[in-house]
Amino acid sequence: MIPAISPMMDGAAPLLPETSPESRQQRDPERGKRRTPVLPAVVASAVVLLGLAALFLVYGFHDGGDGRAAVLAPGTVEVAASSSRGVVEGVSEKSTTPALRLGGGAVRDYAWTNSMLSWQRTAFHFQPPNNWMNDPNGPLYYKGWYHLFYQWNPDSAVWGNITWGHAVSRDLIHWLHLPLAMVPDHWYDINGVWTGSATQLPDGRIVMLYTGATEESVQVQNLAEPADPNDPLLREWSKAEANPVLVPPPGIGLTDFRDPTTAWRNPADSAWRITIGSKDRDHAGLALVYKTEDFLHYDLLPTLLHVVKGTGMWECVDLYPVSTSPAVEDGLETSTPPGPGVKHVLKASLDDDRNDYYAIGTYDGETDTWTPDNADIDVGIGLRYDYGKFYASKTFYDPVGRRRVLWGWIGETDSERADILKGWASLQVSMIIFILNANENKGEKSIPRTVMLDTKTGSNLLQWPVVEVENLRMRGKSFDGLDVSPGSVVPLDVGKATQLDIEAVFEVDTSAADGVVTEAGAAAYSCGTGGGAVGRGLMGPFGLLVLADDQLSERTAVFFYLVKGVDGNLTTFFCQDELRSSKANDLVKRVYGSLVPVLDGENLSIRILVDHSIVEGFAQGGRTCITSRVYPTKAIYESAKIFLFNNATNVRVTAKSLKIWELNSAYIRPYVD
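First, a word on what this report is: a plain description of the structure on this page. Please read these numbers as outputs of a predicted model, since none were measured by experiment.

About the thresholds
Numbering of residues starts from 1 in every chain and runs along the sequence as written. The predicted origin of the model limits local features to residues at a pLDDT of at least 70 and limits the giving and counting of side-chain atom pairs to 80 or more, whereas totals for whole chains, interfaces and linings rest on all residues. Side-chain metrics in this entry use all non-hydrogen atoms of the structure; hydrogen atoms and water are not considered. Every helix listed is a DSSP run of H or I at least four residues long, and every strand listed is a run of E at least two residues long, numbered separately from the N terminus. Here's how the labels work: a residue is buried when its accessible area is under 20% of the maximum for its type, exposed when over 50%, partly exposed in between, all with a 1.4 Å probe on protein chains only. Here, residues are in contact when the closest pair of their heavy atoms is within 4.5 Å. The method behind every accessible area is Shrake-Rupley, applied with a 1.4 Å probe, and residues are considered shielded solely by the protein chains displayed. Here, the term nonpolar core denotes a set of buried Ala, Val, Leu, Ile, Met, Phe, Trp, Tyr and Cys residues that are joined through side-chain atoms within 4.5 Å. Counting rule for disulfides: a pair of cysteine sulfur atoms within 2.5 Å. Classification of ring pairs rests on two measures: the distance between centres of Phe, Tyr or Trp rings, Trp counted by its six-membered ring, which must be within 6.5 Å, and the angle between planes, read as stacked under 30 degrees, edge-to-face over 60 and tilted in between. In this analysis the charged atom, NZ for Lys or CZ for Arg, is taken to sit over a ring once it is within 6 Å of the ring centre and within 35 degrees of the ring normal. Two strands form a pair only when DSSP identifies at least two bridges running between them.

Focus on the overall build of the protein chain
From N to C terminus, the protein chain includes four helices and 37 strands. Sorting the 673 residues of the protein chain into buried and exposed places 61% on the buried side. Here the analysis covers contacts within the protein chain between residues at least 6 apart in sequence; of these, 68% occur between residues at least 24 apart. For the protein chain, the exposed area adds up to about 24100 Å²; of that, 53% sits on carbon and sulfur atoms.

Right, here's the structure in full:
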């Protein structure tokens, strides 16, 4: 139930202050210290050793960067001059962001207090108890439990000493921490147990393939299985004596061979296929395909699954089927064969820009190749899962909900010094269900979203928080039919505003802009260069301000911006503005966003999840999504507020429907027998 609304303020507050964007550049973290190697427990076969030696002789050791560290003034944060620790180790940085420097000089240290840092920890997004975390690994459902594995540094809040953390849940929301699943204790993974995927075979057996970094930092693929398949919690794992089961093939760099996918069964020969990300010597991103019968022996197929010029190293590749039939409202199991009514999504995490790109296309089981429906929006050059801070994602098929669920890793955009002070870094985004958009008002449904063809746009996925998130809803308020005139800011009385689920539908009256064309369509605007929430146009920006203080000195804006072209057609942008999200000066602050399809007769809709230092926005039922990390210094605890705003000059906006719920915490904690 939504309680009766409190009296609303209808006054027009002053326009958002026209403050100039803060000077902001990125920073590289200091190089992590490598774990001291231990003697390998199992000596690999002579064949594998000879194979690795031959690879070294042919290709040499590939180092992704020069590894030089900058020398800074006393009291500043040490950063890398031109490369990150991850590049030097032969894997993408996967820490914070490169080169945060102000005015070309050293990184300033903001005077963070314990109260500020404590507030930043999220309440319903998954995080380990402490220290550094990155990629989600091997998600699966087994004997009544959802399992999430993740890369974790047990020793520090910065990247390094990568092991696999492990947690389980009954509902994808309330997680229980378990002991470490896998640690770097063999020669083939002593420099890191990196990203991997789980495959559940028809007989119930689970095989886990993962990338290991050897003593020489060569990337190899390894096999692990549950030590006790009868244990529903899968608390112990056994690494195969035959490891590594795959080494970089000829033509592939020794540090350009990682992140095996979930396997799928090919209908042509009933054998299993996996794909592994890489790049060629011309910097084209690509996905190799291997065939296996037993997950110990593999044949590299002669054709690539797919390749896109200029996209660089492909990490965390994912391939999965989606239904093209509006009548099929369930997700598809990974081995669903290609054919009528089935498309395949190919996704890659691009090491060059740290973003996740996807495209919809057709998988050919005879040739083991994938072809995009539209080459102009191919993998790496077109659509993204998320236009904010979101990377290294992984999907899995949930047999209980008959849905495909996505995990994404959300890194930090503050300084490494702040991460060390608070004792943790990074989190996992709330699970999201992939859907091919078929309906307009996805946010109103209370059932898990399934995969279906967008019979309206026909070209994009929808992403939406799993329905279980709604079980966290507590007190709620509804503000319907609320007018937001041009130039106004309207406060919303919702009580606590640091853990929220917001659903808003806007009606926009653009009649005042009829006949006035001063912008040349979409080419005249972008979220990143349009001035953010304070840049004024005929029909934007307008939306909501979250994690704002009373004086609006800090606020994160989630907004739409409409542009009318010379042909009279409207283009809609969906953006999130972090530029004024915090008074702190040791942060990366950006305006994120992109186009969002809006069809004739549709109102504009947003769903926003606010969880302390993370803001997730979903526009038009999840057609375009943005994730922001923000670190307020004033708009925290009871001082965090929420506002509607309209900074357009020529449109009147009405919040036709606006519902705001306070969300409970997920109380993530250790598992107790």
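So that's the structure; there's more coming.
Considering the nonpolar core
Counting residues in hydrophobic clusters, the biggest one holds 51 residues, and the most contacted among them are L492, I502, F506, L544, F560, L644 and L658. I502 has contacts with L544, V546, I606, R607, I608, V610, I642, L658, K659 and I660, leaving out every residue within four places of it along the chain. Counting residues in hydrophobic clusters, the runner-up holds 38 residues, among them M133, Y150, L172 and V405.

Focus on the side chain of D549
Mapped onto the fold, D549 is located in the loop between β28 (539-548) and β29 (556-564). Ignoring any residue separated from it by four or fewer positions in sequence, one finds D549 in contact with E554, K634, A635, S639, K641 and F643.

Some points on the state of the cysteines
In this structure the tally under the stated criterion is one disulfide. The side chain of C527 participates in a disulfide bridge whose partner is C575; the two sulfur atoms lie 2.0 Å from each other. Between C527 and C575 the sulfur-sulfur dihedral comes to about -65 degrees; the bridge is accordingly left-handed. Of this pair, C527 sits in the loop between β27 (499-509) and β28 while C575 sits in strand β30 (residues 570-577), and the two are 48 residues apart along the sequence. By relative accessible area, which is 4% here, C527 ends up buried.

Structural notes on the packing of aromatic side chains
Scanning the model with the defined rule gives 26 aromatic pairs in all. Consider the rings of W132 and W409, whose centres lie 5.9 Å apart with planes at 70 degrees: the pair is edge-to-face. Highlighted residues: W132 in strand β1 (residues 131-142) and W409 in strand β19 (residues 403-410), separated in sequence by 277 residues. Here W132 matches W409 in class, with each residue buried. Arranged with centres 5.7 Å apart and planes meeting at 45 degrees, the rings of F560 and F574 form a pair that is tilted. With F560 in strand β29 and F574 in strand β30, this pair connects stretches of sequence that are 14 residues apart. One aromatic cluster is present, built from ring pairs that chain together F126, Y150, W175 and W407. Its end group placed over the ring of W424, K422 keeps NZ or CZ at 4.2 Å from the ring centre. In this structure, R473 packs its charged tip against the face of W661, placed 3.6 Å from the ring centre.

Digging into the pairing of β29
Counting buried positions along β29 gives nine out of nine residues, so the element sits mostly inside the fold. Side chains T556, V558, F560, L562 and K564 project from β29 onto one buried face, and the interleaved A557, F559, Y561 and V563 project onto a second face that is buried too. Note that β28 and β29 share six bridges and pair antiparallel. By the bridge assignment, V546 is partnered in β29 with T556. Direction of pairing for β29 relative to β30: antiparallel, over a ladder of eight bridges. Bridging across to β30, K564 finds its partner in L570. Connecting β29 to the next strand, β30, in antiparallel fashion are five residues, including G568 with a positive phi near 85 degrees.

Such coordinate-based values are descriptive only and should not be taken to indicate function.
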